[in-house]
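Architecture and fold: a report
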There are 2 protein chains.
Amino acid sequence: MSEQTYALAIHGGAGVILRERLSEDMEAEYRAKLLDAVEAGEAVLKAGGTSIDATIAAVRVMEDSELFNAGKGAVFTHEGRNEMDAAVMDGKTMDAGAVAGVTRIRNPIEAAKRVMTHTGHVLLMGEGAEEFAEEQGIALVDPSYFHTQKRWDQLQKAIAMGAETSLDHSDNKFGTVGAVALDSHGNLAAATSTGGMTNKRWRRIGDTPVIGAGTYAQNATAAISTTGHGEYMMRYTVARDVCALMEFKGLDLQAAAREVIHERFGKAGGDGGLIAVDAHGNIALELNTPGMYRGSVKAGGAIKIEIFR
Amino acid sequence: MSEQTYALAIHGGAGVILRERLSEDMEAEYRAKLLDAVEAGEAVLKAGGTSIDATIAAVRVMEDSELFNAGKGAVFTHEGRNEMDAAVMDGKTMDAGAVAGVTRIRNPIEAAKRVMTHTGHVLLMGEGAEEFAEEQGIALVDPSYFHTQKRWDQLQKAIAMGAETSLDHSDNKFGTVGAVALDSHGNLAAATSTGGMTNKRWRRIGDTPVIGAGTYAQNATAAISTTGHGEYMMRYTVARDVCALMEFKGLDLQAAAREVIHERFGKAGGDGGLIAVDAHGNIALELNTPGMYRGSVKAGGAIKIEIFR
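The paragraphs below set out a description of the structure included in this document. (Residues numbered from 1 in each chain as written. Chains lettered and ligands numbered in written order. Predicted model: local features only at pLDDT ≥ 70, side-chain atom pairs only at ≥ 80, totals over all residues. Heavy atoms only, no water.)

A closer look at the layout of surface pockets
Residues and elements named next belong to chain A. Here the largest pocket defines a volume of roughly 180 Å³. At the level of elements, strand 12 (283-287), strand 13 (291-298) and strand 14 (304-308) are the ones that each hand at least two residues to the lining of the largest pocket. Here the residues of the lining of the largest pocket sort into five nonpolar, three polar and three charged. (1 Å grid on protein atoms, 1.4 Å probe; cavity = no way out; pocket = protein on both sides within 12 Å on 5 of 7 lines; lining within 4 Å. Points joined across faces, edges and corners; volume = space filled by probe spheres on them. Helix = DSSP H or I, 4+ residues; strand = E, 2+ residues; numbered from the N terminus. Nonpolar A, V, L, I, M, F, W, Y, C, P; charged D, E, K, R; others polar.)

Laid out in C-alpha cells, this is it:
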C-alpha cells in the first residue's frame, strides 16, 4: 500500500428520505454539511494523521450541526431530555471507548475517545461518564444547549400520536452519524454518535455505544459504523458480523456488508444501513431504506455525497 | 432430537481460584450453592419449561447468594455503591433484554427478561431501568440490601492498594454468574448477571449486558455466557464470535469455544472463561484461568460440579 493511500466514509442517518419530500434548500443544506464533514476528516488523513482522529473530526462536524440526530441536534426522550451515546474503535489495537446516556457533553465522541485512551474501561454511562469527561477537561454544556425547536416539535408529535418510541424525523429517519477511515499508516477506525430515538423511555441505550453492534474496527478486516433500528443492530451484532464474515468466511467487504444488511439484519425486520472501509481502502455503503445521508473520498479522488438509494 | 433432550450449564465466576487457598468449608459451600442452581434450572427443563425460564431460575439462585458477585453478593464501586448489570437472550427469536448500572433491583436478571418481553428495547440503564422494573411489579429493594461485609472489606483493600479497579475477590476472581440451556423444544437461551468490578468508577458497564460480548444465543449455533475481564470480552465480541465461528467457519461448539478463549481473547490479554451449549445438547466449559465455578447436566445424566481447571 502506498504511503498516500487513505479512504474515508461518513453517514448522517438512514431512513425514509424521499426526493419528493426533501426540499431543494434542505437537500443543499445536508449536502453542504456532509461535505464539511468529509473535508474535516480528509484533512486529517491528507496530513498523515490517524484514522481515529479523522473519524472524530468528521463526526464532530455533524455533532455540531442541528441537521443530524447527534450532539447539538439530538432528539428528545419521553421526559424531554437529550440523552446521547457515542463510541469509537481503533482497528490497530482493537481498543474501544464509549459513553451512553450522557446529557451534558458537547461532543460525546470526544468523551468516547478519552474513555478509550485514558481508562481501562470500554463503556461509561450517564453521570459517571460526565464526571469522567469533566476530570479530563472535555467541554461540558448546560443541557439546554441541545434544545432545538425542530426536535421538540417532533417529540410533541410523537407523544400526541401515542407512539411508544418514534424514529427521529417526521420523515422516518434514523439520525445517527458516523465515520470510518483507513489512514496512510494502514490503520482502520470507526466512530459513531447519536441522540437515539425520539420519545425513548427508561434511559434506553441503542446500538451506537455497543461495540460489535453499531461500531467495530479491526485492521485485519474492516471498520464499520451503522445507522438504523438499534435493537436489531444489537441482536444481530451487525458491525461485528461484517468483519466476522470477512474473517471466518472469506467474503470481501462489499459481499459481507450486503449479506449483513439485506440477508440478516434486513430479513429479521431491521431498517437501516452501514458504512464500511477495509484495509485496501475499499468502501461499502449499504442500506435497505430509501435513503441514507452519506459521503466518501479516497486519496486522489473526488468527494462523493449521496442521499437517496 | 428426542422430546426428553435437554442440557444446562452454569458458571459462578472464573479467576485465580486455587485449591490451596480455598478452605474445605468454603469449597463445600460453593459446591452446594452451584448444585442448588443447577437443580433449579434442571427442574424447569425436566417439566418441559423453556430454556429462558431455566437459565433465569439458575441465575436467580446465584443472585440470591452472597457467594457470587451478582445480586445480593455484588461488589462495591469506588463510591461505595452496588451497580449491577444483567442480560438474557432467546435463541429461538433472537430477542434480547438487558439492564445496566441498576442499584435497587433485587434480581436484575428478572428485569432483563422483562425488558426483552415487555419493551421494544434491548438495553435500559440505571434509574430508567429501575423505573421500568417498578412499573412491571418487579421486586425493588433498598440499596442497603446489597451491603455485605466481605465485599465492603474488599473495596477498602482495593482503595488502600490504590488500584484503579480490582477483581472482585482477594483471590482475583471475576464473579459474574450465568447459565445457558437447551430445552426439550429445541430452543437455546443464555442469561448472565454481575456486580462488575470492585472499585469500578464512573458508572462503568462491563460485558455482561452487552449482547454479543457477555451473552448471546442463536438456535442455529449456540448459547453463551461469559465471565472474566469484561473489556476484553467486549472488544473481542466473545459470545458472538463462538457462534460466528460455528456459523461462518463450520467449527463445532468445543473447537469454537477453545479458539475464542485461548487463541483470540486469551492471546489479546483477557482472563476468563465461558459456558456454552449447542442445539444438540453439547456443552463446552472453557477457561484460561486456574478456576471457574461451574456446573452442568444433561437429560438422563448426573449433575457435575467443578471448580478448578
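Re the relation of the copies chain B and chain A
Of the transformation placing chain B onto chain A, the axial shift is 0.0 Å and the rotation is 180°, giving an RMSD of 0.0 Å. Here the symmetry operator amounts to a two-fold rotation axis. Taken together, the interface assignments show that 100% of the residues at the interface of chain B recur at the interface of chain A, consistent with an identical surface on both copies. (Least-squares fit on C-alpha atoms with pLDDT ≥ 70 in both. Contact = heavy atoms within 4.5 Å.)

So, the sheet that holds strand 12 (residues 283-287) of chain B
Residues and elements named next belong to chain B. Overall, antiparallel pairing links the four strands, which are arranged 9-10-11-12 in an open sheet. The open sheet is flanked by strand 9 (215-217) and strand 12, the only strands paired with a single partner. Taken pair by pair, the neighbouring strands of this sheet meet at an average axis angle of 10°, ignoring direction. Pairing geometry for strand 9 and strand 10 (residues 222-228), over three bridges, is antiparallel. When the bridges of strand 10 are listed, Ala 217 appears paired with Ala 223. Lying over the sheet, helix 7 (residues 238-249) contacts strand 9, strand 10 and strand 11 (272-278), oriented at roughly 145° with respect to strand 10. On top of the sheet, helix 8 (residues 253-265) reaches strand 10, strand 11 and strand 12; it is set at about 15° to strand 12, its chief contact. (Pairing = 2+ DSSP bridges. Axes fitted to C-alpha atoms, helices over the stretch in contact; angles between N-to-C directions.)

A closer look at the pattern of salt bridges
Charged atoms that come close allow side chains of opposite charge to pair. Using the criterion set out here, one finds 38 salt bridges over all chains in the structure. Close ionic contact of A:Lys113 with A:Asp53 constitutes a salt bridge, the shortest N to O distance being 3.0 Å. With a gap of 60 residues between them, A:Lys113 in helix 3 (residues 108-118) and A:Asp53 in helix 2 (residues 51-63) connect regions that are remote in the sequence. Given the relative accessible area of 24%, A:Lys113 is considered partly exposed. Its relative accessible area of 34% is what places A:Asp53 among the partly exposed residues. For the salt bridge of A:Glu130 with A:Arg104, the shortest nitrogen-to-oxygen distance reads 3.3 Å. Of this pair, A:Glu130 sits in helix 4 (residues 126-135) while A:Arg104 sits in the loop between strand 3 (95-102) and helix 3; the two residues are 26 residues apart in sequence, bridging distant segments of the chain. Look at A:Glu130 and you get buried, because its relative accessible area is 4%. A:Arg104 sits in the partly exposed class, given a relative accessible area of 29%. Residues participating in the shared-partner salt-bridge network are A:Arg81, A:Glu83, A:Glu127, A:Arg203, B:Arg81, B:Glu83, B:Glu127 and B:Arg203. (Salt bridge = Lys/Arg side-chain N within 4 Å of Asp/Glu carboxyl O. Buried < 20%, exposed > 50% of the residue type's maximum accessible area, 1.4 Å probe, protein only.)

Some details on the nonpolar core
Core analysis: the biggest nonpolar cluster contains 102 residues, and A:Ile224, A:Leu274, A:Val277, B:Ile224, B:Leu274 and B:Val277 have the highest contact counts within it. Counting 51 residues, the second largest nonpolar core, distinct from the first, contains A:Val59, A:Ala74, A:Ile138 and A:Ala189. (Core = buried A, V, L, I, M, F, W, Y, C linked by side-chain atoms within 4.5 Å.)

Things to note about the pairing of strand 3 of chain A
All names here are of chain A. Of all the eight residues making up strand 3, seven are buried; the element is thus mostly covered by neighbouring parts of the structure. Pairing geometry for strand 2 (residues 84-90) and strand 3, over six bridges, is antiparallel. In the sheet register, Ala 87 faces strand 3, and the bridge partner there is Ala 98. Strand direction decides the pairing type here: strand 3 and strand 4 (residues 123-125), joined by three bridges, are parallel. For Ala 98, the partnering residue across the bridge sits in strand 4 and is Leu 123.

Quick word on the packing of aromatic side chains
Residues and elements named next belong to chain A. In the structure shown here, the tally under the stated rule is twelve aromatic pairs over all chains. The interplanar angle of 75° and the centroid separation of 5.6 Å between the aromatic rings of Tyr 30 and Phe 68 together place this pair among those described as edge-to-face. One end of the pair, Tyr 30, is in helix 1 (residues 24-46); the other, Phe 68, is in the loop between helix 2 and strand 2, and 38 residues separate them in sequence. Note on accessibility: Tyr 30 and Phe 68 belong to one class, buried. Centre to centre, the rings of Tyr 145 and Phe 146 are 4.9 Å apart; their planes meet at 80°, and the pair counts as edge-to-face. Across the pair, exposure class does not vary: Tyr 145 and Phe 146 are buried alike. (Phe/Tyr/Trp six-rings, centres within 6.5 Å; stacked < 30°, edge-to-face > 60°.)

As for the interface of chain B and chain A
With 47 residues of chain B in contact, the opposing surface of chain A contributes 47 residues. For the pair chain B and chain A, the summed buried area comes to about 4,000 Å², and 61% of that belongs to carbon and sulfur atoms. Counting the surface chain B buries against chain A, the share from its top three residues, B:Met125, B:Trp202 and B:Phe248, is 21%. There are twelve salt bridges connecting chain B and chain A. Between B:Arg235 and A:Asp95 there is a salt bridge whose closest N-O contact spans 3.1 Å. Summed over the shared surface of chain B and chain A, the number is 24 residue pairs in polar contact (both at pLDDT 80 or more). When the residues that make up the side of chain B that touches chain A are grouped by side-chain class, the tally is 21 nonpolar, eleven polar and 15 charged. Relative to strand 4 (residues 123-125) of chain B, strand 8 (residues 204-205) of chain A is paired through two bridges, and the arrangement is antiparallel. If you follow A:Ile205 over to strand 4 of chain B, its bridge partner there is B:Leu123. (Buried area = accessible area lost by both parts, 1.4 Å probe. Polar contact = N/O pair within 3.5 Å; in protein donor to acceptor, adjacent residues only side chain to side chain.)

Some words on the packing of helix 7 of chain B against helix 8 of chain B
Residue and element names in this part refer to chain B. Relative orientation of the contacting elements helix 7 and helix 8 amounts to 130°, with a least axis distance of 9 Å. Relative to helix 8, the element helix 7 lies oblique. In this structure, the crossing between helix 7 and helix 8 has a hand that is right-handed. Touching Val 238, Asp 241, Val 242, Leu 245 and Met 246 of helix 7 are Leu 253, Ala 256, Ala 257, Glu 259, Val 260, Arg 264 and Phe 265, all from helix 8. Residue composition of the contact of helix 7 with helix 8, by class: nine nonpolar, no polar and three charged. (Parallel < 35°, antiparallel > 145°, perpendicular 65-115°, else oblique. Left-handed = near helix turned anticlockwise from the far one by under 90°.)

Brief notes about the state of the cysteines
Evaluation of the coordinates by the stated rule reveals zero disulfides over all chains. Just so you know, A:Cys243 is unpaired, no disulfide at all, and the nearest cysteine sulfur is the one on B:Cys243, 17 Å from it. (Disulfide = S-S within 2.5 Å.)

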